[in-house]
Amino acid sequence: YCCFMILQLISIEIFQIIEEGFSYLKQFWNWLDMTSMTLNIMFFYYNAAAYIDRERGITENHRQDIRTIGSVGMFLMWIKLFYWMKLFEGPAHFIT
């Protein structure tokens, strides 16, 4: 399910890049979107690679790196969620 969501978000960002062109890169929130999606893709890729190559084993340093990538990616997704919630009247007064 998470991979499907990430692919859907990537397709939305690609359409925005095509529509807006270079001006897409001038907005902070677009950079935040690209960074969080890239980190989440890296997290899923490294987890899948570690699972497939489990015969060799994975070191604790690599596990910590994978967890760090995943946690930063998820933190950025939470920032986007809180920003998005500001659009609605009910939760907006809790966020601002």
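Look up a bit, the structure's there.
Residues numbered from 1 in each chain as written. Predicted model: local features only at pLDDT ≥ 70, side-chain atom pairs only at ≥ 80, totals over all residues. Heavy atoms only, no water.

**Structural notes on the environment of W78**
Then, number 1: Considering the arrangement of structural elements, one finds W78 in helix α3 (residues 60–85).
Then, number 2: W78 gets classed as partly exposed once you look at its relative accessible area, which sits at 44%.
Then, number 3: On a C-alpha basis, the gap between W78 and S36 in space is 9.9 Å, while along the polypeptide they are 42 residues apart. (Helix = DSSP H or I, 4+ residues; strand = E, 2+ residues; numbered from the N terminus. Buried < 20%, exposed > 50% of the residue type's maximum accessible area, 1.4 Å probe, protein only.)

**With respect to the side chain of K80**
Then, number 1: Tracing the backbone through its elements, the reader meets K80 in helix α3.
Then, number 2: A polar contact of 3.1 Å, which involves the side chain of K80, links it to the side chain of D33.
Then, number 3: In this structure, K80 is in contact with L32, D33 and S36, ignoring residues within four places of it in sequence. (Polar contact = N/O pair within 3.5 Å; in protein donor to acceptor, adjacent residues only side chain to side chain. Contact = heavy atoms within 4.5 Å.)

**Considerations on the pattern of salt bridges**
Then, number 1: Enumeration according to the criterion identifies one salt bridge in this entry.
Then, number 2: Put simply, D33 and K80 hold a salt bridge, and the shortest N to O gap is 3.1 Å. Residue D33 is located in helix α2 (residues 28–52), and its partner K80 is located in helix α3; the two are separated by 47 residues in the primary sequence. (Salt bridge = Lys/Arg side-chain N within 4 Å of Asp/Glu carboxyl O.)

**Digging into the packing of α2 against α3**
Then, number 1: With their axes 8 Å apart at the nearest point, α2 and α3 run at an angle of 145° to one another. In this structure, α2 meets α3 at a crossing whose hand is left-handed. The residues of α3 that touch α2, namely those facing W29, L32, D33, T35, S36, L39, N40, M42, F43, Y46, N47 and A50, are I66, I69, G70, V72, G73, M74, L76, M77, I79, K80 and Y83.
Then, number 2: Here the residues of the contact of α2 with α3 sort into 15 nonpolar, six polar and two charged. (Axes fitted to C-alpha atoms, helices over the stretch in contact; angles between N-to-C directions. Left-handed = near helix turned anticlockwise from the far one by under 90°. Nonpolar A, V, L, I, M, F, W, Y, C, P; charged D, E, K, R; others polar.)

Function cannot be read off these values alone, since they describe shape.
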